[in-house]
Structures are given as C-alpha cells and as structure tokens.
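Architecture and fold: a report
One-letter residues, chain by chain:
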Amino acid sequence: MASPAEVVVAIDVGGTGLKGAVVDAAGRSSGVERRATPVTDGPEAVVGAVLDFAAELSGRGAVAGVGLAVPGIVDAEAGIVREAANLGWRELELGRRASERLGIPVSVLHDARAAAVAEGAAGAARGVADWLLLTLGTGVGAAVVVDGAFYLGPGGRGGELGHITIDPRGPTCACGRRGCLEAYASAGHIARHYTVRANRVSGAEEVVARAAAGDPVAEDVWAHALDALAIAIANYDALLDPDLVVIGGGLAAAGEELFGPLGRLVKGRSLSGEPPPVVPARFGERAGRLGAAITAWRAAGREDFGGWAAAA
Ligand SMILES: [Zn+2]
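Summarised in this report is the structure supplied together with it. Computed from a prediction, not measured in an experiment: that's the story for all the values here.

**Here we look at the coordination of the zinc ion**
Each angle at a metal carrying four tetrahedral donors should ideally be 109.5 degrees, and each at a metal carrying six octahedral donors should ideally be 90 or 180 degrees. Every protein donor of the zinc ion is accounted for by H163 (ND1), C173 (SG), C175 (SG) and C180 (SG), and the metal-donor separations fall at 2.0 to 2.4 Å. Seen from the zinc ion, its four donor atoms lie at angles of 104 to 119°, and the figure they make is tetrahedral. For the zinc ion, all donor residues lie on one chain, and their spacing in sequence is H-x9-C-x1-C-x4-C. On the criterion of sequence distance, the pair formed by H163 in the loop between β11 (149-150) and α4 (182-185) and C175 in the loop between β11 and α4 is long-range, its members being twelve residues apart. Owing to a relative accessible area of 24%, H163 belongs among the partly exposed residues under this scheme. Assessed through its relative accessible area of 38%, C175 is described here as partly exposed.

Next up, the structure:
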C-alpha cells in the first residue's frame, strides 16, 4: 500500500524566475528554492525547466499533487496554457505533460488567480465574497471574485484589469496598446518611466523611496501610478461594488507610501463616497506559490486552509 500523501509541490512560474517549494497540509513550506527562467533558450526550454524542477521537488516526500501558477491565459479545467506571452507559450498542454512526466495529478492556474486563491482561503480576503485582487509586479495581474467565485467570462479571459485603458494617448503597454493600467502602475513601467526621464537606472521600489524623499521626477512618476490605480479601482467599484480590494506583488511592500495616498484618491473618485477598503495582501510575493499549493491540496480532497495564515 502506498504511504499517505504528506506534501504537495508548488511552483510559481515567472518571466524571470521559478519559485518552488514543497508544502504540507498545514501550509508549512520547505525546500523553498528560486531558479532562473531560461526564456532566452525558447519556450520548450522553459517547459523543460519547469518539469525538471517539479520532478526534483517531487522526490522530497510522498507527494499528493503539483500546482503550477503561470503568468498568462490559462484554461485551468483542461490544464492548458492558452497564451503566456512572456514565456512564449501558446496552446501548451502543460497539465497533461507534467502529470505524464511526474505520474501524479497536476493543477495549472493563472498566477494572479493563484495569489487570490491563497488570499481568499487564508489571507486578507478570507470570508469575503466580492473582492478584487491586483498584483503589482513586472505587469499588473488581477483576479475578480464575485459571489465567492472567480469571474472568468466564457473564454476564461475575463477580469484582466491590468489592461483596461486609463488614457488612450498614454504610454505603450506590453500588450501593444496605449495607456493601460499596467503601463502606469506596474513595477516594470514605473522603473522604465523614471529611468527614461531622470536618465538614471532605478527599480520601482527606489522610485517610491525617491518620491518620498522629494525627488520631483520620482514624485511625478509615482503620482501617475497612484492616479491610474485609483481610476481603475473607482471604476471597478462603480461597476461591481466590491467589499474589499487587496493589493499584492512586489510593490505592495511600499506600505504607507502606497496605501495612504491610494485610499484617499479612491475615496475622492468614488461614486458612492464609500469605496471599499484597499489593503495589502497577507502573503506578499509568496501568494502565487501558496495558492498553487492550496489548489493542489484541493484536488487531493483537502478543504480547510484557515491555519495557513499562521503557518505560511
Ligand atoms: Zn496593456
């Protein structure tokens, strides 16, 4: 008889790095590891790196399943990545290929939805039925939760708030259109706008710190990012009247520099004058990996993840 499953393997597949771990049923991670994503070697090399990483982690215990969080359009039910532009993936049967290689069930999900799974099951949005998650990283990821379930639309492409238009004459976005939320408020674009205008290379966190210290170019770039976020959140509020907005991703670490002014700007733009609270994600950058783990545990029949907040 097989030994009882003790852990799942969870990997957050990013455009620059793969973050993986083995996670037990109480939410404790071990063997947390980060590897480079070999994007320049082509799409198949990235698939190979993900499968190798999952196989290695699977050797570290009795594994019930695997969860893979992917930055792109995912058909979670079929385990197919429809499109992941940063990885060069199109119509990739990642779930089938991974489960054939590993011999265990594999769940594949959209990375922002993975983060929302973790925040909804055990984090900032636990017990909340109607809420929005925005992740501010290389891009702007979003997950729309209505009545306790993700709103996906018939083709699974719904809820991409990162690409709603803030200004049709605005800067060019990674999607090729102009003035998307992402083109103002992602860490990638904040860094780029500052670097071009100030003629000095700077990461987004540094831009926020410079803005707080009175650097006028940084102040202007950051003000545009905050305005764009406030417009997007106020529009979302007018449309769906959520109870909560959660912000995750690397930039959420900006803390009061982000949440202080953003809360005031959203209130100023809100139709009702009583917009939902805008709060930081509980799990920060770990949310995608933990959501992938929760999804793998759910596929294995587990239900209760309330204790993960303390353990993870
Ligand atoms: Zn866009």
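**Some details on the packing of helix α5 (residues 187-198) against helix α7 (residues 216-240)**
Packing of α5 against α7 leaves a shortest axis separation of 10 Å and a crossing angle of 150°. By the angle between their axes, α5 is roughly antiparallel relative to α7. Once α5 is placed against α7, the crossing between them reads as right-handed. Residue-level inspection shows I190, H193, Y194, R197 and A198 of α5 in contact with α7, the latter providing V217, A218, D220, V221, W222 and A225. Here the residues of the contact of α5 with α7 are counted per class, giving eight nonpolar, one polar and two charged.

**Regarding the sheet that holds β11**
Spatial ordering of the open sheet is given by β11-β10-β9-β12-β13, a layout of five strands whose pairing is mixed. The open sheet is flanked by β11 and β13 (278-280), the only strands paired with a single partner. Relative to the sheet, α7 contacts β9 (131-136), β10 (140-146), β12 (244-248) and β13, its axis offset from that of β9 by approximately 160°. Packing of helix α8 (residues 256-269) onto the sheet brings it into contact with β9, β12 and β13, and relative to β13 it is tilted by some 170°.

Calculation rules
Residues numbered from 1 in each chain as written. Predicted model: local features only at pLDDT ≥ 70, side-chain atom pairs only at ≥ 80, totals over all residues. Heavy atoms only, no water. Donors = N, O, S within 2.8 Å, 3.2 Å for Na, K, Ca; no water. Tetrahedral: all angles 85-135°; square planar, octahedral: opposite > 155°, others 65-115°. Helix = DSSP H or I, 4+ residues; strand = E, 2+ residues; numbered from the N terminus. Buried < 20%, exposed > 50% of the residue type's maximum accessible area, 1.4 Å probe, protein only. Axes fitted to C-alpha atoms, helices over the stretch in contact; angles between N-to-C directions. Parallel < 35°, antiparallel > 145°, perpendicular 65-115°, else oblique. Left-handed = near helix turned anticlockwise from the far one by under 90°. Contact = heavy atoms within 4.5 Å. Nonpolar A, V, L, I, M, F, W, Y, C, P; charged D, E, K, R; others polar. Pairing = 2+ DSSP bridges.

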